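Here is how the chains run, residue by residue.
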Amino acid sequence: MSSEPVQPSSARRDPPSSAVPRDLACVLALTLLAATLGSLFDVSERAYRWTRRLERFQLDELPLTLCVLSLGLAWFAWRRYRETRRELAHRRVLEQEAERLLADNRRLATEALQAEELERRHLARELHDELGQYLNAISLDAARIRDLSDAREPEIHRISLAVMQSASHVYRQIGGMIRRLRPIGLDEFGLPSALEHCVDGWRERLPEASFSLTIEGDYTGLSDTLTMTLYRLVQEGLTNVSKFARRSRVEVFMVRAPREAQSPTKNVGKTGPIDEIVVTMADDGPGVDLDAPRAGLGLIGMRERVEALGGEFHVASKPEGGFLFCARLPAHAGLADPVN
Ligand SMILES: Nc1ncnc2c1ncn2[C@@H]1O[C@H](COP(=O)(O)OP(=O)(O)OP(=O)(O)O)[C@@H](O)[C@H]1O
Ligand SMILES: [Mg+2]
């Protein structure tokens, strides 16, 4: 399964109209040639002589009939030509409309992602600041009750210990939720450190797999949406490894580099280097038949995130042949939003 980027510019090319005058010149030249040869060899007279014996079939009326037929065909061709041009113009308008809708769709998808991340960040902060603080207070109070009831009230002592255990269990759960909502270190230390932390976590959880992470380039100045998208790509890829390729060797590679590229349709013909970020993750696990129907949403979400930011997303795999995905994203994607 792979997706190739659409090239809308090629669909908007003008029809090849340069052939029309040339074809017309050919027709006129042939007509002149026919007239010259006809007068040179007395074609009409000869035809009349040959067809005189077949007068009863009215063959001498043929030239006029053919003349009307050719005029009719010319009129027919002209009408079809006009019709095709009208249809092309209409199609071009529809293509422009489709492109506009696609751009709107991308913008909305980006905005939805931004809103989602903002909400997640807000939830993580609330969980940390509100619940975290109160749980801590509950834990401290329970510890105080434990100390005060020690030896004198064994029942209260036991209950206080249970309260402390419950509070620390909820605290750990909330910690996990906060980490899932907002990756650790992303805001404080940047994307490379957050990814290293994420991969380290999987190293501990999946000792039977081996992970290598290579990051090249500078990841400062990226939009928050792009940073989160890059992080979520790796996160979902590693989650999939834990589900489908637990014993494999996993290589994650992220690079930021300039790329000579054709600008989007708005500036057709204008080229220039754009900074792009490429994330590749490959494992040598059991792989999957990509033509077989699949139920999950992870890969679909990855593709949507990447395409919403104007990037490309490709997946390659076959049974017993490992699994690979590659995402290419422009480094300036989403730069109207806050920089991470
Ligand atoms: N690393 C991998 N190795 C082998 N197969 C994979 C790997 N990653 C994904 N797949 C296959 O691709 C399918 C789609 O993956 P996707 O992440 O979209 O869904 P999921 O992980 O099954 O569910 P979800 O992500 O929605 O919880 C998976 O069901 C699995 O068959
Ligand atoms: Mg998944």
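Structure: see above.
Residues numbered from 1 in each chain as written. Chains lettered and ligands numbered in written order. Predicted model: local features only at pLDDT ≥ 70, side-chain atom pairs only at ≥ 80, totals over all residues. Heavy atoms only, no water.

**Looking at the overall build of the protein**
Check the secondary structure of the protein and you find 9 helices and 5 strands. From first element to last, N terminus to C terminus, the protein shows the α and β order α-α-α-α-α-α-α-β-α-β-β-α-β-β. The 340 residues of the protein split such that 29% are buried. Across the protein, the fraction of contacts at a sequence separation of at least 24, relative to all contacts at a separation of at least 6, is 74%. (Helix = DSSP H or I, 4+ residues; strand = E, 2+ residues; numbered from the N terminus. Buried < 20%, exposed > 50% of the residue type's maximum accessible area, 1.4 Å probe, protein only. Contact = heavy atoms within 4.5 Å.)

**Details of the coordination of the magnesium ion (ligand 2)**
Donor atoms from the polypeptide that bind the magnesium ion (ligand 2) are E236 (OE) and N240 (OD1), placed at 2.0 to 2.1 Å. Placement of the pair is E236 and N240 together in helix α8 (residues 224-244), with a separation of 4 residues, close to one helical turn. In this structure E236 comes out as partly exposed when scored by relative accessible area, which is 22%. Residue N240 is classed as buried on the basis of its relative accessible area, which comes to 15%. (Donors = N, O, S within 2.8 Å, 3.2 Å for Na, K, Ca; no water.)

**So, the layout of surface pockets**
Roughly 550 Å³ of volume is contained in the second largest pocket. Forming the boundary of the second largest pocket are 27 residues, of which N240, F244, R294, L299 and F323 lie nearest the centre. Mapped by element, the contributors of at least two residues to the lining of the second largest pocket are α8, β3 (271-283), α9 (298-308) and β5 (323-330). Sorting elements by how many residues they give to the lining of the second largest pocket places α8 first, with 6 residues. Within the lining of the second largest pocket, the residues separate by chemical class into 16 nonpolar, 5 polar and 6 charged. (1 Å grid on protein atoms, 1.4 Å probe; cavity = no way out; pocket = protein on both sides within 12 Å on 5 of 7 lines; lining within 4 Å. Points joined across faces, edges and corners; volume = space filled by probe spheres on them. Nonpolar A, V, L, I, M, F, W, Y, C, P; charged D, E, K, R; others polar.)

**Examining the pattern of salt bridges**
Evaluation of the coordinates by the stated rule reveals 21 salt bridges. Where E111 meets R107, a salt bridge forms, and the shortest distance between an N and an O atom there is 3.4 Å. Residue E111 and its partner R107 are both found in helix α4 (residues 62-149); the two are separated by 4 residues, about one turn of the helix. By relative accessible area, R107 is classed as partly exposed at 44%. Ionic contacts of the salt-bridge type, sharing partners, join the residues E97, R100, D104, R107 and E111 into one network. (Salt bridge = Lys/Arg side-chain N within 4 Å of Asp/Glu carboxyl O.)

**Observations regarding a positive patch on the surface**
Residues R46, R49, R52 and R53 make up a contiguous surface patch of positive charge. Its location among the elements puts R49 in helix α3 (residues 43-52). Residue R49 is classed as partly exposed on the basis of its relative accessible area, which comes to 48%. (Patch = residues over 30% accessible without salt bridge, like charges linked within 9 Å, V, L, I, M, F, W, Y side chains within 5 Å. Areas by Shrake-Rupley, 256 points an atom, 1.4 Å probe, with all protein chains shown as cover. Lys, Arg positive; Asp, Glu negative; His and termini not counted. Charge placed at Lys NZ, Arg CZ, Asp CG, Glu CD.)

**Notes on the packing of aromatic side chains**
Counting across every chain of the model gives 2 aromatic pairs. Just above the ring of F76 sits the side chain of R80; from NZ or CZ to the centre is 4.7 Å. Over the ring of W202 we find R205; its NZ or CZ atom is 4.5 Å from the centre of that ring. (Phe/Tyr/Trp six-rings, centres within 6.5 Å; stacked < 30°, edge-to-face > 60°. Lys NZ or Arg CZ within 6 Å of the ring centre and 35° of its normal.)

**Quick word on the site of ligand 1**
Every one of the 13 residues lining ligand 1 counts as a neighbour, but N240, K243, D283, L297 and L299 are closest to it. One of the side-chain nitrogen or oxygen atoms of E236 is found 3.0 Å away from an oxygen atom of ligand 1. K243 is positioned with one of its side-chain polar atoms (N or O) 2.9 Å from an oxygen atom of ligand 1. Within the complex, 80% of the 600 Å² of free accessible area of ligand 1 lies under protein. At a threshold of 2 Å from the grid points, most atoms of ligand 1 map onto the second largest pocket. Contributing elements (two or more residues each) for the shell around ligand 1: α8 and α9. Residue contributions to the shell around ligand 1 peak at 4 residues, all from α8. Its residues assigned to classes, the shell around ligand 1 comprises 5 nonpolar, 4 polar and 4 charged. (Near = heavy atom within 4 Å. Polar contact = N/O pair within 3.5 Å; in protein donor to acceptor, adjacent residues only side chain to side chain. Sits in = over half its atoms within 2 Å of the grid points.)

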